[in-house]
Amino acid sequence: MSESALGLKKTLSGLHLWGIAVGLVISGEYFGWSYGWAQAGTLGFLVTTVFIAVMYVTFIFSFTEMTTAIPHAGGPFAYSYRAFGPIGGYVAGFSTLIEFVFAPPAIALAIGAYLNVQFPGLEPRTAATGAYILFMALNIAGVTIAATFELVVTVLAIIELLIFMGVVSGGFAWSHFTNHGWAGADRPSMATLGGIFAAIPFAIWFFLAIEGAAMAAEEAKEPTRTIPRAYIGGILTLVALAFGTMIFAGAVGDWTVLANINDPLPQAMKIVVGANSGWLHLLVWIGLLGLIASFHGIIMGYSRQIFALARAGLLPKVLASVHQRWRTPHLAILAGGAVGVAAIYSDSWVTIAGQPLTASIVTMSALGAIVMYITSLLSLMRLRRIEPLLERPFRAPCYPLFPITALIIAVVSLIAIVYYNVLVAGLFAALGAAGGIVTLLRARCGSGVAPDAMLRRPEGD
């Protein structure tokens, strides 16, 4: 049997899927979100986070319907292809690929920065590259091993966040959190509205990539039962952790010293227990596990997306190869890693709109995510209309209220991200157009979408 003919192995339980869903995201609780305070202040960013949390909750309840009805490794690509054909599939696949390929370099650099604190002689980019090599190897070794590791580090990262909240609760004062909390002012005004919208990408970072668990659907046991439980449990876990982490960190002292930094939790804990506390060292070391959980999980996500797009003919077929022994998409894992390592070593000399590359790729990932959310929600509503008889083991509750709510917030978020990040948005559009041209040329040369029962659209549509 050829490698390309091998399928992905169904070994993942519901607990594994919950670990993947939460682990993909949990680094967002440790860094990245505090940049939202610099834009909107604590109270302004709290409004932004509520806005985005509503989007994610309604989105996940809607998204789960498609994940269980079409359990395909391509996830959003498969849903949009089935609903809108090749163009819809390409837009969703490209956007998901941007989200999942560009997020890991930012996380890898944060891992390198954490390790550099403990080992000053270790160059952060070297450590980040080492993280890529280690976790690509772990992903290639087998999905069960990778998912079990993901589950363990995710649970440890959650425990550490709870420890953080418990330790800093001794210095908690709501007055600290609310002091000048509206972008430096004590009361909201029209002037603070811009900061609230500008902070949207950093609120998205709290939840970014939870939908990646859909890409493990082909490897899940009983996906119609396990996926809904994993997604619903995952989003509720993340909402609780996001608000808890943000509020406890901002209530320990002067929140302005925690804005615009990559390690807000250790610095918040330092305010309460001092720089020499054992609790602080524990947070730094176990906090590293939160970054590792997301990094490792997103490698799983991008590899399945590359694999699915290659299997469908939208990327070179060789990337759809499955290792004969380990039954994992090893070349897809390595291809995404090559892009990530290139981004790591470009960070020091590439700037976009005056921002370092890391900040820009976080925004690029958020932009890809929002476009994918929009295409997925539109796909849900179109499939409800054109395929009413499609088996749906889980149906979105409160339909159409939930998907419409998520869609409206996603569109507003897209407008805000583009408005405040015109150059990054232009680069996103240029990459999308270039990829579309290449895909069209490959299709004309006979490398079009391969037959796939899950991608088949109703006849006559």
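Remember, it's a predicted structure, so these values are computed and weren't measured experimentally.

### Describing the overall build of the protein chain
At step 1: For the protein chain, the helix and strand inventory stands at 16 helices and two strands.
At step 2: Seen through its C-alpha atoms, the protein chain measures out along the principal axes to roughly 65 × 50 × 40 Å.
At step 3: Across the 461 residues in the protein chain, those meeting the buried criterion constitute 59%.
At step 4: Taking all contacts inside the protein chain whose residues are at least 6 apart in sequence as the whole, residues at least 24 apart take part in 85%.
At step 5: As presented, the protein chain carries roughly 17100 Å² of accessible surface, and 69% of it is formed by carbon and sulfur atoms.
At step 6: The protein chain carries 23 positive and 20 negative side-chain charges, and their two centres are separated by 9 Å.

### What to know about the confidence of the model for the protein chain
At step 1: Model confidence for the protein chain is summarised by a mean pLDDT of 85, while 91% of its residues fall at 70 or above.
At step 2: Model confidence for the protein chain, summarised as mean pLDDT per element, is weakest for strand β1 (residues 351–352) at 60 and strongest for helix α15 (residues 401–420) at 95.
At step 3: Scored below 50 in pLDDT, residues 1–6 makes 11 contacts in the model with residues more than four places away or belonging to other chains.

### Focus: the packing of aromatic side chains
At step 1: Throughout the structure, instances matching the rule amount to 22 aromatic pairs.
At step 2: Judged by centre distance (6.0 Å) and plane angle (50 degrees), the rings of Phe77 and Tyr81 are tilted. In this pair, Phe77 and Tyr81 both sit in helix α4 (residues 76–118), four residues apart, roughly one turn of the helix. Of the two residues, Phe77 and Tyr81, neither departs from the other in class, the shared state being buried.

### Examining the environment of Ile344
At step 1: Checked against the element boundaries, Ile344 lands in helix α13 (residues 330–346).
At step 2: Note on Ile344: relative accessible area 0%, which makes it buried.

### Concerning the environment of Trp37
At step 1: Along the chain, Trp37 falls in helix α3 (residues 35–69).
At step 2: Judged by relative accessible area, Trp37 falls into the buried class, the value being 1%.
At step 3: Sequence separation between Trp37 and Trp182 is 145 residues, and the spatial gap between their C-alpha atoms is 9.2 Å.

### Digging into the side chain of Ser34
At step 1: Looking at the element boundaries, Ser34 is found in the loop between α2 (27–30) and α3.
At step 2: A distance of 3.3 Å separates a polar atom in the side chain of Ser34 from the backbone oxygen of Leu258.
At step 3: With residues up to four places along the chain from it excluded, the contact list for Ser34 reads Leu258, Ala259, Asn260, Ile261 and Pro264.

### So, the pattern of salt bridges
At step 1: Under the defined criterion, the tally for this structure stands at five salt bridges.
At step 2: Across the pair Arg125 and Glu123 runs a salt bridge, and its minimum N-O distance is 3.5 Å.
At step 3: If you follow the salt bridges from partner to partner, you end up with Glu65, Arg384 and Arg392 in one network.

### Some words on α13
At step 1: With 17 residues, α13 extends 25 Å from end C-alpha to end C-alpha; this agrees with the ideal 24 Å at 1.5 Å per step.
At step 2: Those residues of α13 that fall on the buried side of the exposure criterion are His330, Ala332, Ile333, Gly336, Gly337, Gly340, Ala343, Ile344 and Ser346.

### Some points on a nonpolar patch on the surface
At step 1: A contiguous nonpolar patch, built from Val152, Val155, Leu156 and Ile159 and spanning about 290 Å² of accessible area, is present on the exposed surface.
At step 2: Structurally, Leu156 is set in helix α6 (residues 143–168).
At step 3: What makes Leu156 partly exposed here is its relative accessible area of 36%.

### With respect to unusual backbone geometry
Among all residues save glycine, negative phi is the norm, and among peptide bonds the norm is trans.
At step 1: Of the consecutive residues Tyr399 and Pro400, the connecting peptide bond is found in the cis state with omega at 5 degrees.
At step 2: With a phi angle near 90 degrees, Ala209 is a residue other than glycine that sits in the positive phi range.
At step 3: Along the polypeptide, Ala209 turns up in the loop between α9 (200–204) and α10 (223–250).
At step 4: A residue is classified by how much of its surface remains accessible, and Ala209, at 2% relative accessible area, is buried.
At step 5: One non-glycine residue with positive phi stands out, namely Cys398, at about 55 degrees.
At step 6: Positionally, Cys398 belongs in the loop between α14 (357–386) and α15.

### Some thoughts on helix α1 (residues 14–25)
At step 1: For α1, with 12 residues, the first-to-last C-alpha span of 17 Å sits near the 16 Å given by 1.5 Å per residue.
At step 2: For α1, a buried count of 10 out of 12 residues is recorded, marking the element as mostly surrounded by other parts of the structure.
At step 3: Every buried residue of α1 is accounted for by His16, Leu17, Trp18, Gly19, Ile20, Ala21, Val22, Gly23, Leu24 and Val25.

### Points about the nonpolar core
At step 1: Counting 157 residues, the largest nonpolar core has Trp37, Phe45 and Tyr56 as the members making the most contacts within it.
At step 2: A per-element tally of this core places α4 first, with 21 residues.
At step 3: For Phe45, the residues in contact, after removing those within four places along its chain, are Trp33, Gly36, Trp37, Ala40, Ala199, Phe202, Ala203, Phe206 and Met246.

### As for the packing of helix α5 (residues 124–140) against α13
At step 1: At their nearest, the axes of α5 and α13 sit 10 Å apart, and the two run at 175 degrees to each other. The angle between α5 and α13 falls in the class roughly antiparallel. Contact residues: Arg125, Thr126, Ala128, Thr129, Tyr132, Met136, Asn139 and Ile140 in α5; His330, Ile333, Leu334, Gly337, Gly340, Val341, Ile344 and Tyr345 in α13.
At step 2: For the contact of α5 with α13, the class distribution of residues is nine nonpolar, six polar and one charged.

Basis of the calculations
Per chain, the residues get numbers from 1 upward, laid out in the order the sequence is written. Only residues with pLDDT of at least 70 get local features here, since the model is predicted, and only at 80 or more are side-chain atom pairs given and counted; chain-wide, interface and lining totals rely on the full set of residues. Only hydrogens and water are set aside; all other atoms, that is, all heavy atoms of the structure, feed into the side-chain values. Secondary structure elements follow DSSP: runs of H or I no shorter than four residues count as helices, runs of E no shorter than two count as strands, and numbering proceeds from the N terminus. Three labels apply to residues, based on accessible area from a 1.4 Å probe with only protein chains included: buried if under 20% of the type maximum, exposed if over 50%, partly exposed otherwise in between. Residues are treated as being in contact if the distance between any of their heavy atoms lies within 4.5 Å. Per-residue and other accessible areas follow the Shrake-Rupley method at a 1.4 Å probe size, with only the shown protein chains counted as cover for residues. The sign given to each residue is positive for Lys and Arg and negative for Asp and Glu; His and the chain ends receive no count. The atom standing in for a charge is NZ when the residue is Lys, CZ when it is Arg, CG when it is Asp and CD when it is Glu. How sure the predictor is of each residue is captured by pLDDT, a score from 0 to 100. For Phe, Tyr and Trp, where Trp contributes only its six-membered ring, two rings pair if their centres lie within 6.5 Å, and the inter-plane angle classes them as stacked under 30 degrees, edge-to-face over 60, or tilted in between. N or O atoms closer than or at 3.5 Å make up a polar contact, with two conditions inside protein: a donor-capable atom paired with an acceptor-capable one, and, for residues adjacent in sequence, both atoms drawn from side chains. Any Lys or Arg side-chain nitrogen found within 4 Å of a carboxyl oxygen on Asp or Glu counts as a salt bridge. By definition here, a helix of n residues has an expected span of 1.5 Å times n minus one. Only residues above 30% relative accessible area that lack a salt bridge enter a patch, with like-charged residues linked at up to 9 Å and the nonpolar side chains Val, Leu, Ile, Met, Phe, Trp and Tyr linked at up to 5 Å. The set of buried Ala, Val, Leu, Ile, Met, Phe, Trp, Tyr and Cys residues whose side-chain atoms join them within 4.5 Å is what this entry labels a nonpolar core. Comment: axis = line fitted to C-alpha atoms, over the contacting stretch for helices; angle = value between 0 and 180 degrees taken between N-to-C directions. Roughly parallel means an angle under 35 degrees; roughly antiparallel means over 145; roughly perpendicular covers 65 to 115; every other angle is labelled oblique. Residues are grouped as follows: Ala, Val, Leu, Ile, Met, Phe, Trp, Tyr, Cys and Pro are nonpolar; Asp, Glu, Lys and Arg are charged; every other residue, Gly included, is polar.

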